[in-house]
Amino acid sequence: MATSTGLLLLLLLLGQRWLGAGAEREAAVCAGTACYTAHWNKLSAGEAQNHCSRNGGNLATVKTEEEARHVQRALAQLLQLEAPPAARTGKFWIGLQREKGKCLDPSLPLKGFSWMGGGENTSYANWYKELKHSCISKRCVSLVLDLSLPPLTGHLPKWAEGPCGSPSSPGSNIEGFVCKFNFKGMCRPLALGGPGHVNYTTPFQATSSSLDAVPFASVANVACGDGSENGHHYFLCKEKAPDVFDWGSSGPLCVSPEYGCDFNNGGCQQDCFEGGDGSFRCGCRPGFRLLDDLVTCASRNPCSSSPCGGAATCVPGPLGKNYMCRCPPGYQLDSTRQDCVDVDECQDSPCAQECVNTPGGFHCQCWVGYEPGGAGEGACRDMDECAPGRSPCAQGCTNTDGSFFCSCEEGYVLAGDDGTQCKDVDECEGRVCDSLCFNVQGSFRCGCLPGWELAPDGVSCTMGATTLGPPAGPPQGDGTGDREGNLVPSATMSSPTRDPEGTSKVAPTVSRLSLPPDAPITPAPPKTLAPSGPPGVWMEPSTHHPSATTGHRESMGGDFVAKQSDDGTDGQKLLLFYILGTVVAILLLLALALGLLVYRKRRAKREEIKEKKPQSATDSYAWVPERAESRAMENQYSPTPGTDC
């Protein structure tokens, strides 16, 4: 082990001397388990990535605000090491890119870009301005920095996207790039107990004397006093134990009796104690113990530094040399063994129906149509949706396992968007009655015109019965149909009268129907019947509509008999209404036809005038019939007409 460590140290030293003064000037900042380096160099994004990868890294990621501050510190150091160029605004490549063919996604913080080290959905973003909607070329991101001003802690560098550049054209205002290197651990910087100088050479070939943390496998070159060969020491940062990194040195470096504890506290972390002979040693305060390097102090309680994170609690081990983290119920240790993650108890199916995982626990839920109850934890039972006061149905409700369904009484059908309401069926639309049909809620009733009576089937109508003598009792034939069980009868009876010649005439009487006031009436003409009665006497049935009243069915027997004069008057009125309506309709049709005829004649006349040709000027003259002209004019002075003399 010692041989391999010495060989590695030798190789690193040779590499350091080979670089020499020709090494590139760069700034380095290390924190946590990563180091960031800032470089001056006008390269394209691809060339900058190659430069970082040759040393084992990538273009820097800026996934959190803390990481953005580390990058800002590296850029600030770079500006201090070398004067910036004349350009006022400079850009430095970072490892955020979007490949060709991948379009902008405004809904995401990274807008569709992804980090070269992996990761697309990080929450931190610091865009300089609105991004362009482009999918046809590769786009890269750089940090925008005002080179004339020192970086301010409260103003982190903004992100700007643009073309990734090429070797001949790196890009507009590109001045450099930032790399990132990850390590498994870090060593503390070496503390000197006397005059001297420490220079660190990192595995990524960066040299610095002011690192807050030195990455694993780095070499420390310590020059004590005047820097003579005898005062040079070399140390290697190596892993002493799991997650424990140390230089392998013991005691303060460059100790000088001349200075004692006065120089840098003797290189001790806490207390420095001087001896009488000019020597000194390091010590620790109560509750701490001195580590093997005889310089650094560590708490006797390993949990004093709160190594466990999140919900985990630290439990010290025996003798206070180690510790372990414990998690509360419902959590378990993660891969680092220093933090807790939630346990998904629902993977074990502890619930009868549905399990909902919560941080540190879970709870059971029932499906729709069920409610908590029954034997056992998380059990569910069927919910009776049809229970009194809970039923959503207008009429009938039938409960099923986990659900229900609604039904309607006879004469109704289901309605509504959710199928819980009922509406009446209008049976009269189907012409179920021969004459009159009255729709009622949930049913219907048939009726007949005056002079007719309902047949025993409850649907058709027959001519009312006539007799030549006084009635012996209530009229027979109170037809009550059994269709739907609610049919309105139209019972008719007649009483005979005699005229002076002794001829019997029958006066029909009609019993009135009992109906709800809002019942619709659907009339249907009854079948034509032949006249009955003795010869020479014609019986004309009345056309009087039954009057509707509310309430239950009345007994239609012989409780009410209309007089002949009243029935005749009502029939005449109804007949007159029919005649007047028919005449009005005929007159309207005639007027419409006449108007249409006049319109067509006028239109034909106008078209005939248009078709005629325009008249010539000679058409206004009249021609005179021809007659023979005289061969000579008569002499008005001649004594004899017709002669010249």
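None of these values were measured; they are calculated from a predicted model. (Residues numbered from 1 in each chain as written. Predicted model: local features only at pLDDT ≥ 70, side-chain atom pairs only at ≥ 80, totals over all residues. Heavy atoms only, no water.)

A separate point is the overall build of the chain. For the chain, the count of helices and strands is four helices and 39 strands. Within the chain, residue pairs in contact and separated by at least 24 positions form 55% of the contacts whose partners lie at least 6 positions apart. Carbon and sulfur atoms form 54% of the exposed surface of the chain, whose accessible area is close to 39,300 Å². (Helix = DSSP H or I, 4+ residues; strand = E, 2+ residues; numbered from the N terminus. Contact = heavy atoms within 4.5 Å. Areas by Shrake-Rupley, 256 points an atom, 1.4 Å probe, with all protein chains shown as cover.)

Right, let's get into the environment of Gly101. Relative to the elements of secondary structure, Gly101 occurs in the loop between β4 (89–98) and β5 (114–115). Once the C-alpha coordinates of Gly101 and Ile136 are considered, the two residues, 35 residues apart in sequence, prove to be 5.7 Å apart.

Strand order across the open sheet formed by four strands is β11-β10-β13-β14, with antiparallel pairing between neighbours. Each end of this open sheet is capped by a strand with a single partner; those strands are β11 (207–208) and β14 (232–236). Across six bridges, strand β10 (residues 196–201) lies against strand β13 (residues 219–224) in antiparallel orientation. Bridging across to β13, Tyr200 finds its partner in Ala220. (Pairing = 2+ DSSP bridges.)

So, about the side chain of Thr202. Relative to the elements of secondary structure, Thr202 occurs in the loop between β10 and β11. The buried category is assigned to Thr202, whose relative accessible area is 2%. Beyond its immediate sequence surroundings of up to four residues, Thr202 is in contact with Leu211, Pro215 and Ser218. (Buried < 20%, exposed > 50% of the residue type's maximum accessible area, 1.4 Å probe, protein only.)

Per the counting criterion, the structure on display carries 21 disulfides. Between the sulfur of Cys103 and that of Cys135 lies a disulfide, 1.8 Å long from S to S. The sign of the 130° torsion about the S-S bond sets the Cys103-Cys135 disulfide as right-handed. Residue Cys103 is found in the loop between β4 and β5, and its partner Cys135 is found in the loop between β5 and β6 (139–146); the two are separated by 32 residues along the sequence. (Disulfide = S-S within 2.5 Å.)

With that settled, the discussion passes to the packing of aromatic side chains. With the rule as written, the count across this model stands at 11 aromatic pairs. Ring plane angle 50° and centroid distance 5.5 Å describe the contact between Phe113 and Trp127, whose orientation is recorded as tilted. Of this pair, Phe113 sits in the loop between β4 and β5 while Trp127 sits in the loop between β5 and β6; the two residues are 14 residues apart in sequence, bridging distant segments of the chain. You can call Phe113 buried: its relative accessible area is 1%. Note on Trp127: relative accessible area 16%, which makes it buried. Plain terms: the ring middles of Trp127 and Trp159 are 5.4 Å apart, the flat faces sit at 80° to each other, and that makes the pair edge-to-face. With Trp127 in the loop between β5 and β6 and Trp159 in strand β7 (residues 158–163), the pair connects residues that are 32 residues apart, well separated along the chain. (Phe/Tyr/Trp six-rings, centres within 6.5 Å; stacked < 30°, edge-to-face > 60°.)

With that settled, consider the confidence of the model for the chain. The predicted model of the chain has a mean per-residue pLDDT of 75, with 72% of residues at 70 or higher. Every residue in residues 467–517 is under pLDDT 50, and counting partners more than four places away or in other chains gives 140 contacts. When the criterion is pLDDT under 50, residues 524–566 qualifies, and its contacts beyond four places in sequence or with other chains add up to 84 contacts. (pLDDT = per-residue confidence, 0-100.)

Before going further, it helps to spend a moment on the pattern of salt bridges. As enumerated under the stated definition, the model contains nine salt bridges in all. Between Asp292 and Lys240 there is a salt bridge whose closest N-O contact spans 2.6 Å. On the criterion of sequence distance, the pair formed by Asp292 in the loop between β19 (288–290) and β20 (297–299) and Lys240 in strand β15 (residues 238–241) is long-range, its members being 52 residues apart. We classify Lys240 as partly exposed; its relative accessible area is 48%. A salt bridge links Glu371 to Arg381; its shortest N-O distance comes to 3.5 Å. Of the two residues, Glu371 sits in strand β27 (residues 370–372) while Arg381 sits in strand β28 (residues 380–382), which places them 10 residues apart along the sequence. (Salt bridge = Lys/Arg side-chain N within 4 Å of Asp/Glu carboxyl O.)

Now for the pairing of strand β30 (residues 403–407). Where strand β29 (residues 396–400) and β30 come together, five bridges link them in antiparallel fashion. Along β30, the bridge assignment pairs Gly396 with Ser407. Hairpin remark: β29 followed by β30, antiparallel, with two residues in the connecting loop; positive phi at Gly402, about 85°.

Before going further, it helps to spend a moment on the nonpolar core. Formed by 36 residues in total, the largest nonpolar core has its most connected members in Trp93, Phe177, Leu190, Tyr200, Val222 and Trp247. When contributions to this core are tallied by element, the ones reaching two or more residues are β1 (26–31), α2 (45–54), β8 (174–182), β9 (186–187), β10 and β13. A per-element tally of this core places β8 first, with four residues. Setting aside chain neighbours within four positions, we find Trp247 in contact with Cys187, Arg188, Pro189, Leu190, Tyr200, Val214, Ser218, Val219, Ala220, Phe235, Leu236 and Cys237. Residues Ala27, Leu75, Phe92 and Leu156 belong to the second largest nonpolar core, which totals 31 residues. (Core = buried A, V, L, I, M, F, W, Y, C linked by side-chain atoms within 4.5 Å.)

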